Amino acid sequence: MSGHDGPSSINIIERKRIAKLAEHLSKSTHFAAKEAEHLLHYFYKKRLRDKDKMDRITFRHILHVSFQISDDFLMDRIFRAFDKDNDSHISMEEWIEGLSTFVRGTKEEKINFAFVVYDVNGDGYISKEDMFPMLKASLVKMPTEEDPEEGIKDLLDLVLKKMDHDKDGRLSHVDFTKSVCNDSLLLEVFGPCLPTTEAADKFMEEFQ
Ligand code: CA
Ligand code: CA
């Protein structure tokens, strides 16, 4: 087994590089250097061959298996929230920075994260167009006698009535923050986009 880098063995240069990056990232995230290092080793095992990047399929698999998040649309949105430079891959930095909010984020960080997830077209507002597919997905899971389109419109009106504080027909970051501060359940009003505390703790247990 000597001198051959199988998927589970990392050479000394790579080890050093990972340790250095972990040390650096521990300064800007909620992870200790050792935790970041372990999370990067996990990333290293899951990354694309010969590239320091994780693809969408692998990321979605982790969301599903480790965090029990399985809604197709939202998994892609969470991927986009992690993929800050929008290159359709997760880099090592994006992995640690995203996870920091995902499993240890402050209330403010989680609000910002959920807002990015829900602002589907990225124009800085959660508009009716953004909400529609997410509310539709949540309604489909609740069987109802009603016309689903009508049900979605009713839900939209309800959400806006409760959350659109400046009454311009869409949710600004201020509207969203205000609403979540009044009622923390509204943080995930358009569907699960963050892990439960239990899932987050369980995930982190592996990296102590
Ligand atoms: Ca990226
Ligand atoms: Ca938008």
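Here's what I pulled together on the structure shown here.

Conventions used here
- Each residue is numbered by its place in its chain's sequence as written, counting from 1.
- The lettering of chains begins at A and the numbering of ligands begins at 1, in the order of writing.
- With the structure being a predicted model, the display of local features is reserved for residues of pLDDT at least 70 and the display and counting of side-chain atom pairs for 80 or more, all residues being used for whole-chain, interface and lining totals.
- Note: side-chain values were computed over all heavy atoms of the structure, leaving out hydrogens and water.
- Water is not part of the atom set, so a site may look incomplete; the donors themselves are N, O and S atoms within 2.8 Å of the metal, or 3.2 Å for Na, K and Ca.
- Irregular is the label for any site that misses the other tests, which are tetrahedral for four donors with all angles between 85 and 135 degrees, and square planar for four donors or octahedral for six when opposite donors exceed 155 degrees and the remaining angles lie between 65 and 115.
- Starting at the N terminus, helices and strands are each numbered in turn, a helix being any DSSP run of H or I of at least four residues and a strand any DSSP run of E of at least two.
- Burial status follows relative accessibility: with a 1.4 Å probe on protein chains alone, a residue under 20% of its type maximum counts as buried, one over 50% as exposed, and anything between as partly exposed.
- Two rings belonging to Phe, Tyr or Trp (six-membered ring only in the last case) form a pair when the distance between their centres is within 6.5 Å. Interplanar angles under 30 degrees mark stacking, angles over 60 mark edge-to-face geometry, and anything in between is tilted.
- Throughout this description, the term charge over a ring refers to an Arg CZ or Lys NZ atom that lies within 6 Å of the ring centre and within 35 degrees of the ring normal.

## Some details on the coordination of the calcium ion (ligand 1)
Okay, so step 1: Those protein atoms acting as donors to the calcium ion (ligand 1) are Asp83 (OD), Asp85 (OD), Asp87 (OD), His89 (O), Glu94 (OE) and Glu94 (OE), and they sit at 2.2 to 2.6 Å.
Okay, so step 2: Considering all 6 donor atoms around the calcium ion (ligand 1), the spread of angles at the metal, 53 to 155°, places the coordination shape in the irregular class.
Okay, so step 3: For the calcium ion (ligand 1), the donor residues sit on a single chain with the sequence spacing D-x1-D-x1-D-x1-H-x4-E. Here the residue Asp83 occupies a position in the loop between α4 (72-82) and β2 (90-91), and Glu94 occupies one in helix α5 (residues 92-104), the gap between them amounting to 11 residues.
Okay, so step 4: Residue Asp83 is classed as buried on the basis of its relative accessible area, which comes to 2%.
Okay, so step 5: Overall, Glu94 belongs to the buried group, its relative accessible area being 7%.

## What to know about the packing of aromatic side chains
Okay, so step 1: This structure, assessed with the given rule, holds 15 aromatic pairs.
Okay, so step 2: Ring centres of Phe102 and Phe113 lie 5.8 Å apart, and the angle between their planes is 55°; this geometry places the pair in the tilted category. Of this pair, Phe102 sits in helix α5 while Phe113 sits in helix α6 (residues 107-118); the two residues are 11 residues apart in sequence, bridging distant segments of the chain.
Okay, so step 3: With a relative accessible area of 1%, Phe102 lands in the buried category.
Okay, so step 4: With a centroid separation of 6.2 Å and an interplanar angle of 80°, the aromatic rings of Tyr118 and Phe176 are classed as edge-to-face. Taken together, the residues span a long stretch of sequence, with Tyr118 in helix α6 and Phe176 in helix α9 (residues 173-182) at a distance of 58 residues. In this structure, Tyr118 and Phe176 share a single accessibility class: buried.
Okay, so step 5: These aromatic residues form a ring-pair network of at least three members: Tyr42, Phe43, Phe59, Phe67, Phe79, Phe82, Trp95, Phe102, Phe113, Phe203 and Phe207.
Okay, so step 6: Its guanidinium or amino end placed over the ring of Tyr44, Arg47 lies 3.6 Å from that ring's centre, counting from NZ or CZ.
Okay, so step 7: A cation sits over an aromatic face here: Arg170 above Tyr125, 3.4 Å from the ring centre.

Everything listed here is a matter of geometry and, on its own, says nothing about what the molecule does.
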